Amino acid sequence: MMPCWGFGIQARNGRFLSKIRMLHQNHIHLSRRVGPQIHHSLLTTQQQYTQNHLKFPHATIHKSTAQSGDDTITKNDDSEYQTTSEEETIFALSSGGGGASVGGGATAVAVIRMSGPCAFDALRELLSPSPNGLSGGGKLPKLPKARMASLRTLYDPLTNNDSERRDPLDSALILTFPGPNSFTGEDIVELHCHGSRAVVNGVLSALTHLNSVPIPAATSDEESQQATRRRLSLRPADPGEFTQRAYAHGKLGLVEVEALSDLIVADTSLQRKQALKQFDGRLSRLYMGWREELIKGLAHAEAVIDFGDDEALDPDEEDDGDMDGDGGMSIWGGISPRITSLRQAMERHLADASRGELLRDGLRIAIVGRPNAGKSSLLNLLAGRDAAIVSSTPGTTRDVVEVILDLGGVRCTLLDTAGVREEKEEGVNEIEVEGMKRARIAAKDAHIVVGVVDSTDYERGLEAVDELINGDGDFDDWKKDNILYVVNKVDLKNEMKDNDCVSKSNSFGISCTTSEGVNDFLSVLTTEALSLVSSGNDEASSAALSSLEGSEGAVITRARHRRHVEAAADALGRFEVLSGQGYMALDMAAEELRLAASELGRITGAIDVEDVLDVLFADFCIGK
């Protein structure tokens with residue numbers, strides 16, 4: 001069978017040149033009708049249209065696969081992947097623990113993974129007790145049944161050839177996954193070994209050695225085995241290479257690859273749930289559905305361009321009379337309302353206050369206040385350990401100390417900052433001044449600010465916090481609503497809790513020494529964090545995630561997605577202007593639909609994602 005090809009930008013021979021001429025003629029007239037700003041965008045559109053057709057005359061927007069004999073043929077632009085038989089076989093430690101390469105200690109179980117056309121041959125070599133392995137012409141070891149665990153002994157191919165039998169490496173649980181029904185689409189072997197460094201390093205060294213071992217072909221004919229000999233092609237995997245092969249063979253889309261990356265590094269329950277919801281494909285389905293709608297409108301426009309102005313864009317508009325009387329103003333028929341509705345859906349999707357990105361990346365909570373107010377003591381109390389040095393000497397904290405917390409399923413980075421006071425006060429030196437500058441920057445970049453005030457020095461403490469927040473005028477208005485005031489040391493002056501604390505909203509009296517009031521403050525801090533990643537009126541973490549989901553549970557989790565959706569919505573806005581220009585702007589309006597479809601295609605990995613892939617897979621750990 002021949003490879004399947006997805007929708008692509010097609011060069012249209014002589015018609016392409018006529019389109020370019022039409023674009024040049026149209027923008028002269030449109031400059032007077034749509035204004036200079038839109039006119040500039042249209043000129044950009046014209047240039048992109050030319051570049052697209054010249055650079056990608058047969059560009060494929062989405063990868064697809066087809067079967068040809070026993071090999072899987074794949075096509076994704078100029079991908080290097082042609083058939084699985086041409087791939088090198090890769091291996092890596094896929095779990096944490098024992099290998100020196102990851103610097104880990106011993107674990108109960110370590111998983112070593114192989115993927116590629118030689119994976120099963122490498123496994124046979126490890127299962128062979130013969131001193132010369134498969135190259136000695138012995139009987140081929142029988143492999144376990146696919147997807148069924150089997151306890152086997154692994155033998156060391158580095159054993160001295162003078163021995164009658166190879167030394168055992170480990171007693172391991174073996175799993176095989178024949179391609180294409182595997183994670184990567186290739187033959188996969190998983191070795192579940194004991195997790196000591198000696199075992200893990202021994203198996204990895206054995207696999208490295210197998211790269212130079214000649215083996216017979218896997219056939220029952222003994223003469224054919226000896227006649228057809230080849231070398232195993234094994235090498236250590238690069239970071240993220242297993243997932244990269246899954247993407248290249250059509251097992252995962254780009255959005256799913258990003259979700260897998262988020263799932264691997266998830267620290268909290270809400271991060272895990274959000275990554276799983278994205279990994280199941282609902283975000284891809286949303287963007288692909290939008291893109292299909294755009295392609296339908298684009299196909300109608302191409303029909304008019306190809307077959308003449310009398311071709312109706314919408315079947316429902318065919319009998320509505322002659323459109324020539326209105327100069328072609330109604331040429332888009334019922335398509336324009338659908339495109340407007342689609343743009344509005346994109347804008348609703350964008351109007352989420354970046355909650356998905358906040359949940360993925362986590363919140364920053366800055367603790368600020370005067371020296372000796374109890375900032376470091378509060379940090380240690382919330383962290384449950386001595387993360388910061390506590391001393392009665394003012395100015396002990398000079399740099400920003402960070403601690404990661406899980407507040408209701410939201411990943412939060414708690415920042416202990418240097419005490420803020422007047423630079424002219426006694427004892428202030430240049431190092432402390434630098435610390436105060438960093439404290440102001442940390443507060444400015446934080447999503448929540450906790451102002452700690454000493455109850456025994458309430459007025460000066462409150463003034464220092466307010467000056468830090470309002471002094472330079474750089475604080476966003478929405479951040480001023482996310483400030484919590486903590487009056488510490490209420491055990492030393494109990495009347496402060498009942499009197500001065502109520503002078504500020506969102507204020508709490510606590511004692512870091514006795515832990516009085518800390519639980520109430522922590523509960524409000526958790527609610528505040530949940531409100532930033534949800535609609536703000538949820539009372540439980542389970543409701544927090546559901547408020548994020550929107551259409552089909554889809555939520556923007558990366559700045560890359562947001563950038564492309566914004567570009568697509570802008571293109572549809574320009575389309576709405578041009579669609580009212582009739583036949584004169586037909587080509588340029590169609591090009592805006594094409595640009596919007598391309599932007600959505602870049603999110604899902606349909607087109608032009610090589611630079612994204614390089615960065616994305618480099619962030620994966622080795623073995624995934």
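Residues numbered from 1 in each chain as written. Predicted model: local features only at pLDDT ≥ 70, side-chain atom pairs only at ≥ 80, totals over all residues. Heavy atoms only, no water.

Engineer: So what about the side chain of Gln-278? Which residues, and what values?
Structural biologist: Here Gln-278 shows up in helix 8 (residues 269-279). Apart from the residues lying within four places of it in its own chain, the contact partners of Gln-278 are Val-255, Glu-256, Glu-258, Ala-259, Leu-283, Thr-557 and His-561. (Helix = DSSP H or I, 4+ residues; strand = E, 2+ residues; numbered from the N terminus. Contact = heavy atoms within 4.5 Å.)

Engineer: Can you lay out the pattern of salt bridges for me, pointing to particular residues and giving the numbers?
Structural biologist: Using the criterion set out here, one finds 31 salt bridges in the structure. A salt bridge links Asp-121 to Arg-124; its shortest N-O distance comes to 3.1 Å. A residue pair is termed a helical-turn pair when its members lie 3 or 4 positions apart in one helix, as Asp-121 and Arg-124 do in helix 3 (residues 119-127) at 3 residues. In terms of burial, Asp-121 and Arg-124 fall into one category: buried. (Salt bridge = Lys/Arg side-chain N within 4 Å of Asp/Glu carboxyl O. Buried < 20%, exposed > 50% of the residue type's maximum accessible area, 1.4 Å probe, protein only.)

Engineer: Could you give me a rundown of the packing of aromatic side chains, with the residues and numbers involved?
Structural biologist: For the coordinates displayed, the defined rule picks out 2 aromatic pairs. Here the aromatic rings of Phe-508 and Phe-521 are separated by 5.8 Å at their centres, their planes lie at 65 degrees, and the arrangement is edge-to-face. Highlighted residues: Phe-508 in strand 18 (residues 507-509) and Phe-521 in helix 17 (residues 518-532), separated in sequence by 13 residues. Taking relative accessible area as the criterion, Phe-521 reaches 0% and is therefore assigned buried. Lying over the aromatic face of Phe-242, Arg-113 brings its terminal NZ or CZ to 5.2 Å of the ring centre. (Phe/Tyr/Trp six-rings, centres within 6.5 Å; stacked < 30°, edge-to-face > 60°. Lys NZ or Arg CZ within 6 Å of the ring centre and 35° of its normal.)

Engineer: Tell me about helix 17, residues and numbers included.
Structural biologist: With 15 residues, helix 17 extends 21 Å between its outermost C-alpha atoms, agreeing within 8% with the 21 Å of an ideal straight helix rising 1.5 Å per residue. Buried residues of helix 17: Val-518, Phe-521, Leu-525, Thr-526, Glu-528, Ala-529, Leu-530 and Leu-532, and no others. (Expected span 1.5 Å × (residues − 1).)

Engineer: So what about the nonpolar core? Which residues, and what values?
Structural biologist: Counting residues in each nonpolar core, the largest one holds 36 residues, and the members touching the most others are Tyr-287, Trp-290, Leu-294, Trp-332 and Met-346. Going through the elements one at a time, helix 9 (282-307), helix 10 (335-350), helix 19 (559-578) and helix 20 (586-604) are the ones with two or more residues in this core. Take this core: its biggest share by element is 9 residues, from helix 20. Grouped together as the second largest cluster of nonpolar side chains are 32 residues, Leu-359, Leu-378, Val-452 and Cys-512 included. (Core = buried A, V, L, I, M, F, W, Y, C linked by side-chain atoms within 4.5 Å.)

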